[in-house]
Amino acid sequence: SLLTNNAFSYNQQQLQILKQGVVQWNQWRLTNPDTIPDLTEANLKRMDLKGVNLMRAKLSKANLTGADLRKANLKEAELKGASLLGSDLRQANLMEANLTDVEFMHADLRGSYLREANLKKAFLKRANMSGVNLRNANLEQAVLEYANLRGANMKLANLKQANLKNADLRKAYLVGANLEGAD
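About the cut-offs
Residues numbered from 1 in each chain as written. Predicted model: local features only at pLDDT ≥ 70, side-chain atom pairs only at ≥ 80, totals over all residues. Heavy atoms only, no water. Salt bridge = Lys/Arg side-chain N within 4 Å of Asp/Glu carboxyl O. Helix = DSSP H or I, 4+ residues; strand = E, 2+ residues; numbered from the N terminus. Buried < 20%, exposed > 50% of the residue type's maximum accessible area, 1.4 Å probe, protein only. Contact = heavy atoms within 4.5 Å. Lys, Arg positive; Asp, Glu negative; His and termini not counted. Polar contact = N/O pair within 3.5 Å; in protein donor to acceptor, adjacent residues only side chain to side chain. Phe/Tyr/Trp six-rings, centres within 6.5 Å; stacked < 30°, edge-to-face > 60°. Lys NZ or Arg CZ within 6 Å of the ring centre and 35° of its normal.

(A) Spotlight on the pattern of salt bridges. Considering all chains together, one arrives at 11 salt bridges under this definition. Asp68 serves as the salt-bridge partner of Lys50, at 3.7 Å between the closest nitrogen and oxygen. Here Lys50 is found in the segment after helix H2 (22-31), whereas its partner Asp68 is found in the segment after H2, with 18 residues between them in sequence. Assessed through its relative accessible area of 37%, Lys50 is described here as partly exposed.

(B) Structural view of the environment of Phe123. In this structure, Phe123 sits in the segment after H2. Sequence separation between Phe123 and Ala142 is 19 residues; the distance between their C-alpha atoms is 6.0 Å. Contact partners of Phe123, with chain neighbours within four places excluded, come to Val102, Glu103, Phe104, Met105 and Val143.

(C) Spotlight on the side chain of Glu140. Turning to its location among the elements, Glu140 is positioned in the segment after H2. Lys120 provides the closest opposite charge to the buried, unpaired Glu140, separated from it by 4.4 Å. Contact partners of Glu140, with chain neighbours within four places excluded, come to Leu119, Lys120, Lys121, Asn158 and Lys160.

(D) Broad picture of the side chain of Thr65. Secondary-structure assignment places Thr65 in the segment after H2. Of the residues examined, Thr65 reaches a relative accessible area of 15% and is grouped as buried. Here Asn63 takes part through its side chain, which lies 2.8 Å from a polar atom of the side chain of Thr65. The contacts of Thr65, once residues within four sequence positions are left out, are Lys45, Arg46, Ser83, Leu85 and Ser87.

(E) Representation of the packing of aromatic side chains within the structure. Under the counting rule described, the total for this entry stands at one aromatic pair. With centroids separated by 4.9 Å and ring planes inclined at 40°, the aromatic side chains of Trp25 and Trp28 adopt a geometry described as tilted. Highlighted residues: Trp25 and Trp28, both in helix H2, separated by three residues, approximately one helical turn. Grouping residues by exposure puts Trp25 and Trp28 together as buried. Over the aromatic face of Tyr146 sits the side chain of Arg126, whose NZ or CZ is 4.3 Å from the ring centroid.

(F) Representation of the environment of Asn73 within the structure. Relative to the helices and strands, Asn73 is located in the segment after H2. The exposure class assigned to Asn73 is partly exposed, which follows from its relative accessible area of 22%. Along the backbone, Asn73 and Ala57 are 16 residues apart, and their C-alpha atoms lie at a distance of 9.8 Å. There is a polar contact of 3.1 Å between the side chain of Asn73 and the backbone nitrogen of Lys75.

Spelled out as structure tokens, the structure:
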């Protein structure tokens, strides 16, 4: 239908703006504050997205493998089923983001802000999450094997049935966290 074709071309237009660079993208976001970017299933593999504003963006099933997202704003973004394998998310804002079923294996999330994020069934094996703010985050059934959670703030986090085998939890703040059925 015409509506579908217009939606597709609009998404392609947004992707083209993003591929021009972070400066152009962030300028576009400033001039289009009411537009919610839709980059669903976009291939952003290994892109340099340092400081990019993807607040409230739709990135479900997007390929962000190896992408540089340092200090990116992904607040309230929809990343369900996205691939962030080996991505650099240091000091990124992922507050209230939907990260259900996201693959974060070997990702660097040091110092990132994941307060109230939904990480249900996220795959965080060997992720570096040192100093991460996970307060009130949902990590139900998340795989955190060998993850570095040293000094992470997990106050009131839901870790129900999470796999924490060999995770480094030294100096992690777990007051009020739900660890029911966690391994």
